[in-house]
Every structure is written in C-alpha cells, then in structure tokens.
Amino acid sequence: MIDRTQVGIIGAGPAGLTLALLLKKQGVNCIVLENQSRAYCESRVRAGLLEQNTVDLFNELGIAGRLNKEGLKHEGVIFSFNGERIRVPFEELTHGRSITIYGQQEVVKDLIAANIEKGVPILFGAEVYNIKGIETSPVAFYQQDGIEHQLSCDFVAGCDGFHGISRQTLPADCYKTYSKEYPFSWLGILAHAEPSSDELIYAYHERGFALHSLRSEKVSRLYLQVENGDTIDNWNDEKIWDELAVRLGTKGFTLNRGKIFEKGITPMRSYMIDNMQYGRLFLAGDAAHIVPPTGGKGLNLAVADTRFLAEALVDWYKNESDDQLDAYSANCLRRIWRAQDFSNFMTYLFHKQAEHGSFEYQLQKSRFDYIRLSVAQATTIAENYVGLKAI
Ligand code: RFL
Ligand code: PHB
C-alpha cells in the first residue's frame, strides 16, 4: 500500500476529482481517498447545471467528449410569476456565454474514468477518520476493509463535502462561520417524461416555488417548494404532478407526466466559512461552503475552487513560492460571496414567503416586473447565472 504522496485528496466528488486531474496534468502526484464505493459516487443524484467556466475547464482537461455530445446547451431561461412568463436570453445578454445541463453523476463518471486512465489512484471505501500534523507535515488516517492505514502528504486537500472531516480539523478559531437556514425545502424528482419545455422554468406561484429542469430528451428533473420537515410519504406521484402542473402552468402549457424513478427532499441552506486553509490543509467545494440550489452554483463553485488550489500548489512545487497558497482563501471567497448573494436573490425572488397580496409579496412581484422592464436588470441576472468569467 502506498503510504506517501504529494497531495492527499479527501473525497471523490466533483471538487476532489477535478483537483486530482489538474494536479496530474502538471506533474504533481496525488491519491484520492473516498469513503463510498465507486458505484455509489457514480449514481448520487444531485446537480445538473454547469456554468460556462466549468464546461471550459472540462474541455481544457480533455474530458468533455461525452459532455459536449450529450450535454444540453441552453441560451435562455424562463421565469414565471403566477403564470406570467418572461424569458431571459442570457447568451445574447452576456455576449455568447451559456449554461449546459448535464447530470452531476455523469460529470463524476467522466472524472473517475479520466483519473483512472491517467493513473491517479482513487481508493474507494477508504474513510478518513483523522488528519494530524496539518501545520507542517500532514498525515491522513483512514480505514479500508477494516484495516487502518496512514497516508503522509506534503498537503491535504479537504474535498469531502459538507459533512466531511476536513472542516472539523481546522482550528475552530481560524475562521468565522456564516449560516442561514431557509424556512422551506425542495422536493426533487427525476421522471421518464419528455421535457415540457426546452428551457428551464423557475416559477413563483402563490402555492410555492417550482422548477422545471431536464436531463435528456426523455428525462425531466422537477422540483417543488415544500415545508421544512415534510416527508416524501406525504407526496404520492399524482399529487406531485398535479402540484407541478399548477405551479408551472400558463395558458397553452401542458406538463408532460411520466414514471417517477427518483424522489427526495433537501433542506435549503447557505453556509460558509471565511477562511478555507490552515498550514498544509486546504478546503475546496461543499466542505467550505453551501448555497441553496436555486442559483445552480454548488458544483460550479467546487470546480472553481480547485482551479485556484491547483495553480497555487503547482506554483509551490515548481517555483517554491507560497504566494498563491497564501492568497487561496481570498481568491476563492470573492466568487463564493457573489454566488451566495445570487443564490439568495434567486431564492427570495421565487419562493413563497409571505401571504399573497402582502407588502413583501408586492415587493417580490415588483422585482419580477423589473426584470421584464429593464435590460440592465436582466443582464445582471444573466451574467450571474452563466457565471462571471473572472472575479
Ligand atoms: P461532494 O459531492 O459532497 O463530494 C464529497 C465527497 O467526499 C466524500 N467523503 C469522504 N471521503 C473519505 N473520508 C471521509 N471522511 C469523507 N467524508 C466525505 C463523500 O462520500 C463524497 O463523495 O462535494 P464537492 O466535491 O464539493 O461537490 C459539491 C457538489 O456536489 C454540490 O455543491 C452540488 O451537488 C450542489 N447542487 C448543485 N450545484 C450546481 O452547481 N448546480 C446545480 O444545478 C445544483 N443542483 C445541488 C443541486 C445539490 C442538491 N442537493 C441534493 C444538495 C440540486 C440539489 C437537489
Ligand atoms: C437541476 O437540473 O438539477 C437544477 C437546475 C437548476 C437549478 C437547480 C437544479 O437551479
């Protein structure tokens, strides 16, 4: 068993796997430790919206063959307010930038295959239970098949998601936490139903938010705002479809129904820490920040962090410079705060929070009208939605 590497990466999600490829490309060795099985990682249903920057990076890494073929490129998005629709033509408003719909499981499959092909060791079923020596010479302690192992590293990259061990390993006094729980959750489904719209539809309705998304020409991905604490047992398939049809509805629109093959409820929260590093431990992705999914930013932020981290580590190995490593958190935080603000804005624009006709409701409606009336406001939304190029 290998017991030493340059960069030990915890977590084989989008962050860990992208970082491993970026490092390998520059000749830096790493090992990825992942507590789940490969099959589990490749089937976990989550995100679907890839920003232009993410697609560009996957092309640079030479792993976008299937993404370019099977991903669905979008040039605009539909917003609906109680059945009144407007279209934000984001490609036109951002001089050619777009988003691509491609399931996170597909991204993870492509990343795992590329890492294995390039010779990056990914140890599945390897749970890291302790990280020691983060000031100068970190060691990751992990268990695989009931046997304990140690991996000594120059650096540890904590890409182990929101519930991972890396954030807990940072000294508690080296960062400040920002956290916000929203008073609603998302019920998400995947269904064998032809998408009812070529473009995504984000809908405010007096019964609550709904989102129409898709995965392919035959599979729809749809979400409903539900109350915190609600359970999937309260929602049989017919009730889900009926509710989606009402909330997404407008004159002449028919929602295509089909067999639901995946459903789940996710709470909505914003969370982040204002320092993502200590000594030789660096965090990336959900390990350091969570955004509500309304802006489609989580996976994209995870990937954006790894670009900064890879550049900084390569600079350390090639030029013996600490400068970029020292600037890592600050470099990431600018984009993270922008995404936090945009995700919060989208969440409050579309979710039902106040009684129909109340003061807050009127403000919400006015914000929606403003997008229709102002190219400036539509452009602001467009450039945040597709993701700012540099920040
Ligand atoms: P991940 O994907 O959670 O991966 C972390 C990995 O670390 C492993 N792990 C450990 N391994 C070893 N030892 C330990 N002690 C470990 N502890 C954990 C885990 O098993 C896991 O494999 O984090 P990463 O890489 O930072 O990626 C983040 C994204 O997964 C996440 O931000 C997105 O899914 C969020 N998200 C969306 N993001 C988008 O950009 N666009 C979207 O359209 C979008 N929609 C969504 C979403 C998330 C959702 N849910 C379910 C939260 C829609 C939903 C409903
Ligand atoms: C998805 O397709 O899963 C999706 C799309 C847009 C979002 C969130 C999720 O804002």
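Structure shown above.
Let me sum up the structure you'll find in this document.

### What about the site of ligand 1?
The environment of ligand 1 is formed by 34 residues, the closest being Glu-34, Arg-44, Gln-104, Asp-286 and Leu-299. Arg-46 places a polar side-chain atom, nitrogen or oxygen, 2.8 Å from an oxygen atom of ligand 1. Backbone polar atom of Leu-299 to an oxygen atom of ligand 1: 2.7 Å apart, as the coordinates give it. Within the complex, 88% of the 1,100 Å² of free accessible area of ligand 1 lies under protein. Every element with two or more residues in the shell around ligand 1 is listed here: helix H1 (14–25), strand E2 (30–34), strand E9 (126–132) and helix H9 (298–319). Here the shell around ligand 1 takes 4 residues from H9, the largest share from any one element. Looking at side-chain class alone, the shell around ligand 1 contains 14 nonpolar, 13 polar and 7 charged residues.

### A look at the pattern of salt bridges
Per the stated rule, a full pass over the model turns up 18 salt bridges. The salt bridge partner of Glu-70 is Arg-66, with a shortest N-O separation of 3.2 Å. One end of the pair is Glu-70 and the other is Arg-66, both in helix H4 (residues 65–70) and 4 residues apart, which spans about a single turn. With a shortest N-O distance of 2.9 Å, Arg-66 and Glu-106 are connected by a salt bridge. Here the residue Arg-66 occupies a position in helix H4, and Glu-106 occupies one in helix H6 (residues 104–117), the gap between them amounting to 40 residues. What makes Arg-66 partly exposed here is its relative accessible area of 26%. Taken together, the salt bridges that share partners define one network made up of Arg-66, Glu-70, Glu-106, Lys-109 and Asp-110.

### Observations concerning the sheet that holds strand E16 (residues 259–273)
The strand order across the open sheet formed by 8 strands is E6-E5-E13-E14-E15-E12-E16-E19, and the pairing between neighbours is mixed. Two strands close off the open sheet at either side, each with one partner strand: strand E6 (84–88) and strand E19 (289–290). By the bridge criterion, 5 bridges tie strand E14 (residues 210–214) to strand E15 (residues 220–226) in an arrangement that is antiparallel. Considered in E15, the bridge of Ala-210 is made with Leu-224.

Scoring rules and cut-offs
- Residues numbered from 1 in each chain as written.
- Chains lettered and ligands numbered in written order.
- Predicted model: local features only at pLDDT ≥ 70, side-chain atom pairs only at ≥ 80, totals over all residues.
- Heavy atoms only, no water.
- Near = heavy atom within 4 Å.
- Polar contact = N/O pair within 3.5 Å; in protein donor to acceptor, adjacent residues only side chain to side chain.
- Areas by Shrake-Rupley, 256 points an atom, 1.4 Å probe, with all protein chains shown as cover.
- Helix = DSSP H or I, 4+ residues; strand = E, 2+ residues; numbered from the N terminus.
- Nonpolar A, V, L, I, M, F, W, Y, C, P; charged D, E, K, R; others polar.
- Salt bridge = Lys/Arg side-chain N within 4 Å of Asp/Glu carboxyl O.
- Buried < 20%, exposed > 50% of the residue type's maximum accessible area, 1.4 Å probe, protein only.
- Pairing = 2+ DSSP bridges.

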